[in-house]
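Listed below, chain by chain, are the residues.
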Amino acid sequence: MYKVVIVKFKNIFQDKIELALKLYKYLCVNYDVEDLHKYRVSLRKMLAYNQVFGVHLDEKNSQIVSKLLKDIIRPTSLLRDLDLFLVEIDVMRCSTQSKKKLLQIFTSKRDLLVDNFKDDAYKKNLQKLKVLTKKNELFEGDFHKLDKITILQNMSKKISKHFNLIDENSSFEELHKQRIKFKRFRYALEMYMHYFSDEDLHLENFYDLKKLQDIFGVIQDNSARIVFLEDVRHEFETHEIENLLSDLNQKIKNAKQELFRIVG
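Residues numbered from 1 in each chain as written. Predicted model: local features only at pLDDT ≥ 70, side-chain atom pairs only at ≥ 80, totals over all residues. Heavy atoms only, no water.

Trainee: What's the story with the overall build of the chain in this structure? I'm lost.
Mentor: Of the regular secondary structure elements, the chain holds 9 helices and 0 strands. Helices and strands appear in the chain in the N-to-C order α-α-α-α-α-α-α-α-α. Here the C-alpha coordinates of the chain stretch approximately 65 × 50 × 25 Å along the principal axes. In the chain, buried positions account for 47% of the 264 residues. (Helix = DSSP H or I, 4+ residues; strand = E, 2+ residues; numbered from the N terminus. Buried < 20%, exposed > 50% of the residue type's maximum accessible area, 1.4 Å probe, protein only.)

Shown next as structure tokens:
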């Protein structure tokens, strides 16, 4: 007989909400790349918990919470892509002058997004989330009574089935969707193992979820960088842009090959 650790669904959100609000305050005062990453992870974990388990407690309210969380996460996605790109510029295969120009262009774009990230509309959404976790019926649901093992097992079967269909012809959109599914499952599984480690669950060896996330991440990050470079192509020498695009496409190709080996 395992010990009951949590009763209401809101219990697993409390620390994530508090951390997200704290990190947002830090980011508004002194923007930091790592703080943004932690902020996004905290929000994405809440979204995963809700999409995997919350929908089984209260489907209607779960959809409301998911929409709000997506609205909060969405403006940070491009911001994170730009942060990673700015770090990568220093090791790119182009002239020092081009590197300086790239840094100037994309630092300006990033700074503009940071300002938008601090606006009143965004802050209101965060406050809505805080209020929802205290008043919405979803968070009063008895999370402990859910058949969490069956939910995770069914999810793992669906993901595995779709993953095995990936091949060289899979589009970027298909790979991106698969990445999101793995990440969602990973966060839900980690939460389950943290709060319910005494229960019998045999999903620990369901692929190397961190490795898969990293591989999908390489594809996602470099695809975003290609879009960034294409957008400013006219401001640089053609041969430099072509060299940079070639390097990025090669990284995507290598990541895909590694991914296909796992599928095989």
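Trainee: Hey, could you run me through a negative patch on the surface in this one?
Mentor: There is a patch of like negative charges on the surface, built from Asp167, Glu168, Glu173 and Glu174. Residue glutamate 174 is classed as partly exposed on the basis of its relative accessible area of 46%. (Patch = residues over 30% accessible without salt bridge, like charges linked within 9 Å, V, L, I, M, F, W, Y side chains within 5 Å. Areas by Shrake-Rupley, 256 points an atom, 1.4 Å probe, with all protein chains shown as cover. Salt bridge = Lys/Arg side-chain N within 4 Å of Asp/Glu carboxyl O. Lys, Arg positive; Asp, Glu negative; His and termini not counted. Charge placed at Lys NZ, Arg CZ, Asp CG, Glu CD.)

Trainee: How should I be thinking about the side chain of threonine 133 in this particular structure?
Mentor: Within the secondary structure layout, threonine 133 lies in helix α5 (residues 120-135). Residue class for threonine 133 comes out buried when judged on its relative accessible area of 10%. Excluding its chain neighbours within four sequence positions, the residues that come into contact with threonine 133 are Lys10, Ile17 and Phe139. (Contact = heavy atoms within 4.5 Å.)

Trainee: I tried to follow helix α2 (residues 33-57) on my own but got confused; where do I start?
Mentor: It helps to recall that an α-helix has 3.6 residues per turn; residues three or four apart then point in one direction. Spanning 25 residues, α2 covers 35 Å between terminal C-alpha atoms, matching the ideal 36 Å at 1.5 Å per step. Taken as a whole, α2 carries its principal kink of about 40° at glutamine 51. Its side-chain oxygen 3.0 Å from the backbone nitrogen of glutamate 34, aspartate 32 forms the N-cap of α2. (Expected span 1.5 Å × (residues − 1). Bend = angle between axes of the 7 residues up to and from the residue. Polar contact = N/O pair within 3.5 Å; in protein donor to acceptor, adjacent residues only side chain to side chain.)

Trainee: Whenever I open this one, the layout of surface pockets confuses me. Can you help?
Mentor: If you roll a probe as big as a water molecule over the atoms, it shows you where there is empty space left. Taken as a whole, the largest pocket spans an internal volume of roughly 860 Å³. If you go around the largest pocket, you meet 27 residues; those closest to its centre are Arg40, Arg44, Arg179, Ile180 and Lys183. At the level of elements, α2, α3 (59-88), α7 (172-195) and α8 (209-231) are the ones that each hand at least two residues to the lining of the largest pocket. In terms of residue class, the lining of the largest pocket is built from 7 nonpolar, 7 polar and 13 charged. (1 Å grid on protein atoms, 1.4 Å probe; cavity = no way out; pocket = protein on both sides within 12 Å on 5 of 7 lines; lining within 4 Å. Points joined across faces, edges and corners; volume = space filled by probe spheres on them. Nonpolar A, V, L, I, M, F, W, Y, C, P; charged D, E, K, R; others polar.)

Trainee: I'm lost on the pattern of salt bridges in this one. Help?
Mentor: If the charged atoms of two oppositely charged side chains come close together, the side chains can form a pair. Under the criterion given, the structure shown has 13 salt bridges. The salt bridge partner of lysine 10 is glutamate 140, with a shortest N-O separation of 3.1 Å. Here the residue lysine 10 occupies a position in the segment before α1 (14-29), and glutamate 140 occupies one in the loop between α5 and α6 (148-163), the gap between them amounting to 130 residues. Since its relative accessible area comes to 21%, lysine 10 is described here as partly exposed. What emerges from the salt-bridge pattern is a single network uniting Lys67, Asp71 and Arg74.

Trainee: Sorry if this is basic, but what is going on with the packing of aromatic side chains here?
Mentor: The description of an aromatic ring pair rests on the distance of the ring centres and on the angle between the ring planes. Applying the stated criterion to the full structure yields 16 aromatic pairs. Ring geometry for phenylalanine 13 against tyrosine 49: centres 6.1 Å apart, planes inclined by 85°, an arrangement best described as edge-to-face. Placement of phenylalanine 13 in the segment before α1 and of tyrosine 49 in helix α2 is noted, with a sequence separation of 36 residues between them. Comparing phenylalanine 13 with tyrosine 49, the two get one shared label, buried. Between phenylalanine 106 and phenylalanine 228, the ring centres sit 5.6 Å apart and the planes meet at 45°, which makes this aromatic pair tilted. Taken together, the residues span a long stretch of sequence, with phenylalanine 106 in helix α4 (residues 96-117) and phenylalanine 228 in helix α8 at a distance of 122 residues. Neither phenylalanine 106 nor phenylalanine 228 differs from the other in exposure class; each is buried. In textbook terms, an aromatic cluster arises when at least three aromatic residues are bridged by ring pairs, as seen for Phe9, Phe13, Tyr49, Phe53, Phe139 and Phe143. Note that lysine 101 overlies the ring of phenylalanine 236, its terminal NZ or CZ placed 5.1 Å from the centroid. Against the face of phenylalanine 143 rests lysine 148, its NZ or CZ located 5.6 Å from the ring centre. (Phe/Tyr/Trp six-rings, centres within 6.5 Å; stacked < 30°, edge-to-face > 60°. Lys NZ or Arg CZ within 6 Å of the ring centre and 35° of its normal.)

Trainee: How do you make sense of the confidence of the model for the chain when you look at a structure like this?
Mentor: Close inspection of predicted coordinates is inappropriate for parts of the model with low pLDDT. Per-residue confidence for the chain gives a mean pLDDT of 89; residues scoring 70 or more make up 92%. A low-confidence stretch, residues 1-6 (pLDDT under 50), is modelled with 14 contacts involving residues beyond four sequence positions or located in other chains. (pLDDT = per-residue confidence, 0-100.)

Trainee: Help me understand the environment of leucine 23 in this model?
Mentor: Its place among the elements puts leucine 23 in helix α1. Placed 13 residues apart in sequence, leucine 23 and leucine 36 show a C-alpha to C-alpha distance of 7.5 Å. In this structure leucine 23 touches Asp35, Lys38 and Tyr39, once residues within four positions along its chain are discounted.

Trainee: Can you help me understand the environment of isoleucine 151 in this one?
Mentor: Locating isoleucine 151 in the fold gives a position in helix α6. Ignoring sequence-local partners within four residues, the contact set of isoleucine 151 consists of Val52, Phe53, His56 and Leu146.

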